[in-house]
Amino acid sequence: MHRIAERKEDFMVRTRFAPSPTGYMHIGNLRTALYAYLTARRNKGVFILRIEDTDQERNIPEAVAAIYKGLALAGLTYDEGPDKDGGFGPYVQSERLNIYREYAEQLISSGGAYRCFCKKGDLDVGEEGPKRRDPCRFLSPEGVQEKISLGESFVIRQRIPEEGSTHFVDAVYGEITVENSQLDDQVLLKSDGFPTYNFANVVDDHLMEITHVMRGQEYLSSTPKYNLLYESFGWSIPTYVHLPLIIKEDGSKFSKRLGDPSFEDLVKMGYLPEAIVNYIALLGWSPGDDREFFHLKELEAIFDIDRINKSSAAFSFDKLTWLNGEHIRALTPEAFHQLALPYYPAALLQYDTQKISELMQVRTEKLTDIPAMVAFFVAVPEYDLDMYVHEKSKCDPQISLEILRASLPVLENLDTWNNDSLFTALKTFGTEAGYKTGTVMWPIRTALSGVLATPGGATALAEILGKEETLCRIKDAIAKLESASGV
RNA sequence: GCCCCCAUCGUCUAGGGGACCAGGACGUAGCCCUUUCAAGGCUAAGACCGGGGUUCGAAUCCCCGUGGGGGCACCA
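Along every chain, residues carry numbers that run from 1 in the direction the sequence is written. Written order decides the labels, with chains lettered from A and ligands numbered from 1. Residue-level local features of this predicted model are given only where pLDDT is at least 70; pairs of side-chain atoms are given and counted only at 80 or more, and the full residue set underlies all totals for whole chains, interfaces and linings. As a convention, hydrogens and water are excluded, and side-chain values are obtained from all of the structure's heavy atoms.

Student: Just checking my understanding: could you explain the overall build of chain A for this structure?
Tutor: A run of DSSP states H or I qualifies as a helix once it reaches four residues; a run of E qualifies as a strand once it reaches two. Both are numbered from the N-terminal end. The helix and strand tally for chain A stands at 17 helices and 11 strands. Radius of gyration: C-alpha atoms only; globule rule: 2.2 Å multiplied by the number of residues to the exponent 0.38. In terms of overall size, chain A is more extended than a compact globule, its C-alpha atoms giving a radius of gyration of 32 Å where 487 residues would be expected to give roughly 23 Å. C-alpha extents for chain A along the principal axes are approximately 105 × 50 × 35 Å. Residues counted as buried form 49% of the 487 residues belonging to chain A. Whether two residues are in contact is decided by their heavy atoms, any of which lying within 4.5 Å being enough. Of the contacts made within chain A by residues no fewer than 6 positions apart, 74% connect residues no fewer than 24 positions apart. In short, Shrake-Rupley with a 1.4 Å probe defines the accessible areas, and a residue's cover is counted only from the protein chains shown. In the structure as shown, chain A presents an accessible area of about 23,500 Å², 51% of it carried by carbon and sulfur atoms. Partly exposed residues are those whose accessible area sits between 20% and 50% of the maximum for their type, while under 20% is buried and over 50% is exposed, using a 1.4 Å probe and protein chains only.

Structural data, given as structure tokens:
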């Protein structure tokens, strides 16, 4: 039944992403998925999605959907998975219970495992001293039979050798050796018949012919136990690729529970999925040259396990924000416009939003910044008069009033209303009146926006606002300046 | 407590015995450009955890120390 198909491509790289359904995509998980995906793609291999839902108490309904959604959002397409049979299914662990039971029994027969009748927590390690072996591992076959017939529930535990040490080579961390005496007789099959992760991952990775087991570094120390399992079964050991942790800049854990964003959260915060993926790729891996901007497709061509780092990496929102800006600027104007549109207030639609987007694209770092940046188009906010003070433009409220008054007829008489004609007209006006261009533009820009920074200068704003609204706002500003100065 | 892992600018990193008085990026500061702010360009400050070895020579190799992280569940 669960026989391994004879494959010609024995060397075919097969990687897997095996999340448990928690309801969201943790940043660390996303990176694990990404690296596994990239390794498969780079080697023309197969990327598999497997759902690890062996914890009955922790399963969240709908959580599997979040996994699909997350992967799709990131652009990580899998070749085999629950909804994409590749002949190695089922790809959901709760549907493989009979398989685990069968292999657990096999292990008991070969002596690699035994039944344990202790109650939960009985074997908890003490504060000090070597951990003691489970008494049940020494139970006679008769004793076991007796307890079974009495209906006592049991778990199946791995029988770790008393002597010796276990050694393996990790693709990232190199050689690792652990004394067997340090390893505990971990539970393989729980009393509810479900396997533990520790057992299921070994059985599945073998049956699914995973060549590169990629996972977080937190599994590094239990890997010797998995090796012992592989050995007990007589299976060949896959290449292990343990990934360094992702932490925060203060060195603490990056955790959803502690309020740190998940992948989905980051997207809601205005980051582009592609920028997040790009950034995540660089947390723990480097291409070897100075490039930092990558599209997924480019990563697929150059990602290399050999260049994965050992030490944990801190997640920097600053750098992600910068990279997000890079990705935004790399978008076509139309693509950016489509992304920006949902962030524009309804009232903005009276204007040429396409043009607004053109001005916004180079200035947007996060999509969520957009509403605040365009709010003035809809309505000029209350602002202080010293907004008209600008040293570099040699401007103050007095001069501003002069300029606004004088430029009003210039604008009123302008027939062609676009950025170029506006700029030419105002520049000419300034030259003739003896003002620097900047001195003319500052009060107008301020009058039109009421804010310190705008996407585009005075004439760009005027073009978008249109002649009528522009003149109206300038008159308002004149009135405001007049009432303040008492003139 | 025991075991395992890690250690280059604040952060991400390049570096795998001489090409390093350590390179790039983010962030920070300044300048240029300029119709505000950005973007772009230029410049500056900023690191090999400490101590021993090995070697003609060490950021690179070894050992010890220190610091940080991870693991020791019928969770993954």
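That was the structure; now back to the text.
Student: Can you help me understand the pairing of strand S8 (residues 212–216) in this one?
Tutor: Look at any regular strand and the pattern is simple: side chains alternate between the two faces of the sheet. For S8, the buried fraction is high: five of the five residues fall into the buried class. At least two DSSP bridges between two strands are required for those strands to pair. Pairing of S8 with strand S9 (residues 239–243), which is carried by five bridges, proceeds in the parallel orientation. Paired with Met214 across the strands is Val241, a residue of S9. You can see the chain leave S8, run along helix H6 (residues 223–233) and come back into S9, and the turn it takes is right-handed. With the strands pointing away from the viewer, any crossover whose connection runs clockwise from the first strand over the helix to the second is right-handed.

Student: What's the story with the environment of Ser357 in this structure? I'm lost.
Tutor: Its location among the elements puts Ser357 in helix H12 (residues 353–361). In this structure the C-alpha to C-alpha distance between Ser357 and Leu341, which are 16 residues apart in sequence, comes to 8.3 Å. Leave out the neighbours within four places in its chain, and Ser357 touches Phe336, His337, Ala340 and Tyr344.

Student: Whenever I open this one, the packing of aromatic side chains confuses me. Can you help?
Tutor: Any aromatic ring pair is given by two values, namely how distant the centres are and how the planes are angled relative to each other. Two rings from Phe, Tyr or Trp (for Trp, the six-membered ring) form a pair when their centres are within 6.5 Å of each other. A pair whose planes differ by under 30 degrees is stacked, one over 60 is edge-to-face, and the rest are tilted. Overall, the coordinates contain 21 aromatic pairs when judged by the stated rule. Taken together, Tyr103, Phe199, Tyr230, Phe233 and Trp235 form an aromatic cluster joined through their ring pairs. Only Lys NZ and Arg CZ are tested; either one counts as a charge over a ring when it is within 6 Å of the ring centre and within 35 degrees of the ring normal. Here the guanidinium or amino end of Arg14 rests over the ring plane of Phe88, the centre of that ring lying 3.9 Å away. Taking NZ or CZ as reference, Arg445 lies 5.0 Å from the ring centre of Trp442, over its face.

Student: Got a minute to help me understand the nonpolar core in this structure?
Tutor: Grouped together as the largest cluster of nonpolar side chains are 86 residues, with contacts concentrated most on Leu34, Leu71, Leu76, Phe199, Ile280, Ile308 and Phe315. Among the elements that take part in this core, helix H1 (residues 27–42) stands out by supplying nine residues, more than any other. In this structure Ile280 touches Ile27, Leu30, Arg31, Leu34, Tyr35, Ile246 and Phe315, once residues within four positions along its chain are discounted. Nine residue types can take part in a nonpolar core, namely buried Ala, Val, Leu, Ile, Met, Phe, Trp, Tyr and Cys, and a core is a set of them joined through side-chain atoms within 4.5 Å. Core analysis: the next-biggest nonpolar cluster, separate from the first, contains 47 residues, Met360, Val374, Leu471 and Leu481 among them.

Student: Just checking my understanding: could you explain the packing of helix H16 (residues 437–449) against helix H17 (residues 458–485) for this structure?
Tutor: Helices that pack against each other are described as a pair by the angle of their axes relative to one another and the distance between those axes. Following both chains from N to C, one finds H16 and H17 inclined at 80 degrees, their axes separated by 8 Å at the closest point. In terms of orientation, H16 lies roughly perpendicular with respect to H17. Listed contacts from H17 to Met441, Ile444, Arg445, Ala447, Leu448 and Ser449 of H16 are Ala458, Thr459, Leu461, Ala462, Leu465, Thr470, Arg473, Ile474 and Ala477. When its residues are assigned to classes, the contact of H16 with H17 shows 10 nonpolar, three polar and two charged. Simply put, an axis is a line fit to the C-alpha atoms, just over the touching stretch for a helix, and the angle between two N-to-C directions goes from 0 to 180 degrees. To sort the angles, those under 35 degrees are grouped as roughly parallel, those over 145 as roughly antiparallel, those from 65 to 115 as roughly perpendicular, and the leftovers as oblique. Lys, Arg, Asp and Glu make up the charged group, whereas Ala, Val, Leu, Ile, Met, Phe, Trp, Tyr, Cys and Pro make up the nonpolar group; the residues left over, Gly among them, are polar.

Student: Explain empty space enclosed by the protein to me, please; I cannot follow it from the model alone.
Tutor: Rolling a probe over the atoms, with the probe sized like a water molecule, indicates the empty space that remains. Only protein atoms enter the calculation, which uses a 1 Å grid: trapped sets of points that fit a 1.4 Å probe without letting it out are cavities, open sets showing protein on both sides within 12 Å along at least five of seven lines are pockets, and any residue with an atom within 4 Å of a point is a lining residue. Grid points are joined across faces, edges and corners, and a volume is the space filled by probe spheres set on the points. Taken as a whole, this structure holds one cavity of 30 Å³ or more when the rule is applied. Around the largest cavity, the lining residues are Pro19, Ser20, Thr22, Tyr24, Met25, His26, Asn29 and Ile67. Here the lining of the largest cavity is composed, by residue class, of four nonpolar, four polar and no charged.

Student: What am I meant to see in the sheet that holds strand S7 (residues 187–189) here?
Tutor: Strand pairs in the sheet, formed through backbone hydrogen bonds, run parallel or antiparallel to each other. Taken in spatial order, the three strands line up as S3-S4-S7 in an open sheet, and their pairing is antiparallel. What marks the edges here is a single partner per strand, and that holds for strand S3 (113–116) and S7. Across the sheet, the axes of successive neighbouring strands diverge by a mean angle of 45 degrees, strand direction being ignored. With two bridges joining them, strand S4 (residues 155–158) and S7 adopt antiparallel strand pairing. Along S7, the bridge assignment pairs Ile156 with Leu189.

Student: What is the right way to read helix H13 (residues 370–378) from this model?
Tutor: What sets the pattern is the α-helix's 3.6 residues per turn: residues three or four places apart point alike. Buried within H13 are the following residues: Ile370, Val374, Phe376 and Phe377. In an axial view of H13, the angular spread of the buried residues amounts to 140 degrees, which keeps them on one side of the axis. Working note: the arc is built from the helix axis to C-beta atom directions.

Student: Got a minute to help me understand the confidence of the model for chain A in this structure?
Tutor: Detailed reading of the predicted coordinates is not advisable wherever pLDDT falls low. Per-residue confidence for chain A averages 91 on the pLDDT scale, and 95% of its residues sit at or above 70. Considering only residues more than four positions removed or in separate chains, one finds that residues 126–130, a stretch of pLDDT under 50, has zero contacts. With a pTM of 0.93, the predicted complex shows an ipTM of 0.95. Per residue, pLDDT measures the predictor's confidence, with a range of 0 to 100.

Student: Can you walk me through the pattern of salt bridges in this structure?
Tutor: Pairs can form between side chains of opposite charge once their charged atoms are near each other. By convention in these notes, a salt bridge is any Lys or Arg side-chain nitrogen within 4 Å of a carboxyl oxygen on Asp or Glu. Counted under the stated rule, the structure contains 24 salt bridges. Between Glu80 and Arg14 there is a salt bridge, with the nearest N and O atoms lying 2.9 Å from each other. Taken together, the positions of Glu80 in the loop between helix H2 (63–74) and helix H3 (97–110) and Arg14 in strand S1 (residues 14–17) put the pair 66 residues apart, joining distant regions of the chain. Exposure remark for Glu80: the relative accessible area of 6% places this residue in the buried category. Relative accessible area serves as the criterion here: at 2%, Arg14 is assigned to the buried category. The salt bridge involving Asp265 is made with Lys256; its shortest N-O contact spans 2.7 Å. Asp265 gets classed as buried once you look at its relative accessible area, which sits at 19%. Classification of Lys256 as partly exposed rests on a relative accessible area of 30%. One salt-bridge network, in which partners are shared between bridges, spans Arg16, Arg50, Glu52, Arg96, Asp204 and Asp205.

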